[in-house]
Each structure stands twice: as C-alpha cells, then as structure tokens.
Amino acid sequence: MKHPPNIFFYFLSLLVFFSTCIQRSLTEGVDPDEAKQLRDEVREMFYHAFDGYMEHAFPLDELRPLTCKGEDSLGGYALTLIDSLDTLALLGDRERFASSVEWISKNLRFDINKTVSVFETTIRILGGLLSAHLIASDYATGMKVPSYDNQLLHLSEDLAQRLLPAFDTPTGRIPFGSVNLLHGVDENESKARSHPGGGTLTLEFGVLSRLTNNPVYEQVTKNAVRGIWSRRSKLDLVGAHINVFTGEWTQKDAGIGTSIDSFYEYLLKAYLLFGDEEYLFMFQEAYRAVMHYLYNDPWYVEVNMNSAALVWPLFNSLQAFWPGLQVLAGDIDPAIRTHAAFFSVWRKYGFTPEGFNLATFSVQYGQKSYPLRPELIESTYWLYKATRDPRYLDAGRDMVASLQYGARCPCGYCHISDVESHKQEDHMESFFLAETVKYLWLLFDLAAGPDNLVENGPYKYIFSTEGHLLPTTPEIALVNEHCSYLGAFCRGNDVRHRPPFNTSDGASQSNGTRFPLSWGPTSFPSDPTSHESGSKSGLIKGLCPGLTHGQKFGISYQAETVITHEAPPTNHQEVSLVKSHSVVVISNPKPEVSSKKDGRDIQNPSPASPEVTHPRNDDDLQAYG
C-alpha cells in the first residue's frame, strides 16, 4: 500500500520550492544573445572532444581524455565515430559527416571474433548506422552524401543478422545479453540478463525491418517486449533482472532507473514512431503502475514488484530521463516538480552522482561518480521545449559551467569519479558526443532561434535512447497517421480549449497525477512563454479505448516459474485502473551488476547496508519522506 508523504517531507518540499523561486528572482536569466553564445560554446565542447578522439584514439572505440590515448571498449570498430555521426549532421558539418560516412562505408566490418553486448551494440552501433543512413541518403535533409550508396544500411543488416542468435533462448522471446559476432552465443553465456536489454531494441530493429522489408528484426524484438511484459506482477510492475532460460525474475526491485529505464522509454517511443497501438497500451498500464507505486512526489523509489514494499529510497542518475519521457506523454506538471528535485542534486554537487540516498540526503556509498551522463540534460531540453520556461535555460547554463570547469581535460571531457571532490577519471564514453552535448546544443539553439535538422528539417524525429535521430517518414511510420511529436503541437488542429486528455471514461489519480484511459488531441500553449499548469497538454493524438493491453491483444501472464510460454488468452480479467491482471513470477537470487549505459558502473549495493552519513542541512534539496 502506498503511504502518503509525511508533514516533514511536505514542509521541506515547500522550502525548496520557495528557495528556488528566490534564487531565480536573483539570477539574471539567459537572453537570446547569451543563448547564442552558449550554443556556440557547446559546439566548441563537441569539437574539443571529437577532435581529441579523432587525433588520439581513432579508430579505437573510445578516447582516454586525460592521457590522450585510445581504448577498445565495445567491439573495436570506431564506436565513438559511429555514435557521433548524426551529431555532426545536426551541427551542419557536411564535410566531416560525409568523410566519416565514406570511411565507415569502406572500412567497417563485423565478421570479427568479438563478444559484444546486444543492448549496447544495438543502441550505439546499429542506431548510429541507421540514423546516419537515413540522413546521408536523403536530399531533403540537406546532408546527402553524393557518393553514398546504402553502405551503412547493408552494414546494419549484417550486424543485425549477427545479433539474431541472441534471441534463440528457451523462453523463445527474451534474448541473451551478449553474443559473439562470429560464432553466436557462447555456451557459458549468463542466463540472467539486465532488463532493458531485452525490451530496448524495438526502435532500431523495427526501423531496420521497415527499411529492408524484412519483418524478422521487428518481430523478434516485439516478442522480447511481450515476453517481459507478460511476466510482470499483478501490480503491473516489472523487475530489474530476468532469467532467459526460466523467465523468472532474479531481481524483483521495480524502479524507473538502473536496469529498467529504457524499457519504459521504448514502449512510448515505439508507438510514436511506428503507430503500433499495442506499445501504447503497454505504456499506459506501465505508467499508471509507476505513478501509483513508485512516485513519492517529487521523487521515485524502488519497491518490490510483487508487494510494492519499499526496498530502495534512492535517486539514481538514470532516473533523470523520466521528466523528459513525461513531456512526450503529456504529463507536464509532475515532470516539472521531479526535474526541480533532480536538478537540486546537480546544484549541490555540480553533477549528479550515480546514486543519491533519499533517506540520508547524501551521496550513496559506492555510487559517487558522474560518467558524463545526458539524462538530466535531456529532460531539461524537453521541458524547455514544452514550456519555454527560462528556468531550464538557467539550468542548462549551470550544466555547461559544471562540464567546462569540472570535466574538461586536455583532449576531451573526463568522467568525474567523485562528485564531492570532482576528481577526474581518464575515460570518455561515446554517449557524451551522441547525447550529452547534443541535448545541450539543441536546448540553446531552440532558445536562440532554431536552425537545425530536428526543429526545421523535413521530418519529425524520435530520439533513440542513445540520442540517435529516427525520422517519422512514411517509409518507417507505415501505420495510421498520428501526431507523433514530441515537444511541439499537432498543427492544423484547433485544440487550445480542449483538455489534455479525454478523461470522460475515467482516469487514474496517483499522487496528484492524472493519466488517461484514452489519449486526446494535443497542443502546447500558443504563447511560448506561458507555463501555467492548466495550459499543458498531451503530445499524442489518437484513440485508445479504455481496455487493458491484455483485453485488446489477448496477452495473458505467467502464473508460475516453470511456465515458459504464454498462457491462453483469458476474458475474465477485471477492468481496473492499476490492478487489472493476474499473477506473475517469483524467485530472488542476488542481482548481477548491470553493464554500460543502463547501469554503467552502478553496483547496486544492498539497501540494508549503505554507508550512512548524516543528512545535510541544505535548503536547496527536496526531501524524501
């Protein structure tokens, strides 16, 4: 049962709200001229890191920015260059974009004896190649490469074929976490896998299916999503780790951060990109459960997926994508409050640590680092896009200052190994160029008067979880036409006086958050400077009847661990806003350490034995009660 916040929590939340208002009144906001200067500064940040990589690390995977050397971290195939391709295009750098596409077309090969992460290879390499292909092959983007002849698409298909053996598992759906590009899945491959890897492949594989007219890629990834979702609990919650042999949950902590974040992200974005209502149904049910069981306004906690008992009062940095996702879903008000809470942690330390303990209001032991993550910056961009509130430009300016003074090093930008001491670490993940500086640049370009592929190009774009640009072209978004955008509004629809959602058939009320049973037309206020809560509205146009996903699609759920296939469809499910399904799965061995993006370097120590320090008397942090 969810407990209401206590008086102490409420009081401290008000305190941080008023202190934030006072601080904003005393701080000079970012005007258009400064926005242009900041945009140019972020552009220089990108080239400082990109040129450092090309000079000192290429064609190895990633740059070591302190010692100006390179390292192979994923597969040994110029990872950072591939991850950076669409950022080069976004910045309008035709020369370097074209030369990079030409080099990759001639030199990249995947017939190598390397065992790679299915998840990381998909979001970074496959997504990077597909995005660059769609830009380089299309005159309408203004970045057409004259010599280009679909080489990146052919490479994408070759890579996807080498990843397909990962889906040949006893569950028949949920893939292995790793695969050898030459020999397939190793016989000693781990049976337990990180959750988002199985549910965060739909955009890239789905786009590849649409471009090649080969449905197998889209089908195996959709089956993986169904396989995970069919094993959710009766509370509509999913865990963090699952066994691909038995379908049992090996870690039952349900949250929105580490090991789970991009699963939610891709449910909504797969609907937005492909128009497939099944993804929307799953997202609606999953979102209701999150807002009911995990949301302790303005923070999110981790609970047991079966009982909803609190297990982990922790803000981890990967949760920071959530307000941006809420913008895409049209639930703006809680996104604003949560972003303010998350940003208060950034202001306190200059960066967000991997883990911040909400019980002690201190950095979580063993989770002190900041590996240049983009998630809070991403949400800042989306909230500014939705509201035009200048507070988000101020936040972006603070983030630029933190990166410039704390993370900049001789050849690029360094991980921060300890947010309290700002000690630097000799590593720069490729997502710094694919996402972190990309979202900062988009934020300030939007304020300065946008002139870029995303804002002024021929298509609306969906951002992958690695920040890659996937356009809603007719070739990809083949299903019914729907408003799939994303921080703007549905042009041609006069919906200014309509409510955000059609809630005539009921809506769930979870901690003050209304979420629809059906999604109505969408708009943002005609005055871009307005950010009253009443003017916010959803971003999805389309009709979704008030049925559960199981009722509409006949997907029912695993009753016990020994079952490894879906039970026959049932018509007896009760219609309920949050609790609408029968039981799920079981078992609780100790979790494995997640790898790379959705758990990079996060150890998940036991919540029963963290290193506890005394809370700080700090007015600019929102309290957890």
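Residues numbered from 1 in each chain as written. Predicted model: local features only at pLDDT ≥ 70, side-chain atom pairs only at ≥ 80, totals over all residues. Heavy atoms only, no water.

(A) Focus on helix H16 (residues 431–448). Here H16 is 18 residues long and its end C-alpha atoms lie 25 Å apart, about the 26 Å a rise of 1.5 Å per residue gives. Lys438 marks the point of greatest bend in H16, at about 30°. H16 sits mainly inside the fold: 18 of its 18 residues count as buried. Directly beyond the C-terminal end of H16, a positive phi value near 110° is found at Gly449. (Helix = DSSP H or I, 4+ residues; strand = E, 2+ residues; numbered from the N terminus. Expected span 1.5 Å × (residues − 1). Bend = angle between axes of the 7 residues up to and from the residue. Buried < 20%, exposed > 50% of the residue type's maximum accessible area, 1.4 Å probe, protein only.)

(B) Region of the structure containing the UniProt feature "active site" (unreviewed entry) in the protein chain. Here, the residues flagged by UniProt with the feature "active site" (unreviewed entry) are Glu120, Asp261, Glu354 and Glu375. Along the polypeptide, Asp261 turns up in helix H10 (residues 261–274). Checked against the element boundaries, Glu354 lands in the loop between helix H13 (332–349) and strand S14 (355–357). (UniProt positions renumbered as here; feature names shortened; annotations may be inferred.)

(C) Broad picture of helix H6 (residues 151–163). Over its 13 residues, H6 extends 19 Å from the first C-alpha to the last, a length consistent with the 18 Å expected when each residue adds 1.5 Å. Regarding H6, the residues found buried are Leu152, Leu153, Leu155, Ser156, Leu159, Ala160 and Leu163. Seen from one end, H6 has its buried residues packed into an arc of 160°, which puts them on one side. (Arc of directions from axis to C-beta.)

(D) Structural detail: the pattern of salt bridges. Scanning all chains against the criterion turns up 27 salt bridges. Between Asp426 and Arg64 there is a salt bridge whose closest N-O contact spans 3.4 Å. Within this pair, whereas Asp426 is found in the loop between strand S19 (423–425) and H16, its partner Arg64 is found in strand S1 (residues 62–64), the two being separated by 362 residues in sequence. Taking relative accessible area as the criterion, Arg64 reaches 32% and is therefore assigned partly exposed. Salt-bridge contacts for Arg124 lead to Glu429; the nearest nitrogen and oxygen are separated by 3.0 Å. With a gap of 305 residues between them, Arg124 in helix H5 (residues 118–136) and Glu429 in the loop between S19 and H16 connect regions that are remote in the sequence. In terms of burial, Arg124 and Glu429 fall into one category: buried. Overlapping salt bridges, with partners in common, bring together Glu62, Glu120, Arg124, Glu429 and Glu466 in one network. (Salt bridge = Lys/Arg side-chain N within 4 Å of Asp/Glu carboxyl O.)

(E) View of the nonpolar core. In terms of nonpolar packing, the biggest core is built from 170 residues, with Phe97, Tyr264 and Trp322 touching the most fellow members. No other element matches the 12 residues that H16 contributes to this core. Dropping the residues within four chain positions of it, Tyr264 is found in contact with Val238, Gly255, Ile256, Phe283, Ala286, Val290, Trp322 and Leu325. (Core = buried A, V, L, I, M, F, W, Y, C linked by side-chain atoms within 4.5 Å. Contact = heavy atoms within 4.5 Å.)

(F) Representation of the environment of Glu95 in the model. With respect to the secondary-structure elements, Glu95 resides in helix H4 (residues 94–107). Along the primary structure Glu95 and Val145 are separated by 50 residues, whereas in three dimensions their C-alpha atoms are 9.4 Å apart.

(G) Just the sheet that holds strand S13 (residues 314–316), in detail. One open sheet holds the three strands; their spatial order is S13-S14-S15, and the pairing between them is antiparallel. Pairing within the sheet leaves two strands with one partner each, and these edge strands are S13 and strand S15 (362–363). The sheet contact formed by S14 and S15 spans two bridges and is antiparallel. Each bridged residue has a counterpart across the sheet, and for Phe356 the counterpart in S15 is Val363. (Pairing = 2+ DSSP bridges.)

(H) Up close: the sheet that holds strand S12 (residues 310–312). Here we have three strands laid out as an open sheet, ordered S8-S11-S12, and antiparallel in their pairing. The open sheet has two edge strands with one neighbour each: strand S8 (253–254) and S12. Two elements, S8 and strand S11 (residues 302–304), share two bridges in a ladder whose sense is antiparallel. Bridging from a neighbouring strand, Asp253 pairs with Asn304 of S11.

(I) Molecular detail of the packing of aromatic side chains. Within the structure shown, the criterion is met by 31 aromatic pairs. Ring geometry for Phe356 against Phe361: centres 5.6 Å apart, planes inclined by 85°, an arrangement best described as edge-to-face. Through successive ring pairs, a cluster of aromatic residues spans Phe263, Tyr264, Phe283, Tyr287, Tyr295, Tyr300, Phe321 and Trp322. Above the face of the Tyr279 ring, Lys222 is positioned so that its terminal group lies 5.5 Å from the ring centre. Above the plane of the ring of Tyr384 lies Arg388, whose end atom (NZ or CZ) is 5.8 Å from the centre. (Phe/Tyr/Trp six-rings, centres within 6.5 Å; stacked < 30°, edge-to-face > 60°. Lys NZ or Arg CZ within 6 Å of the ring centre and 35° of its normal.)

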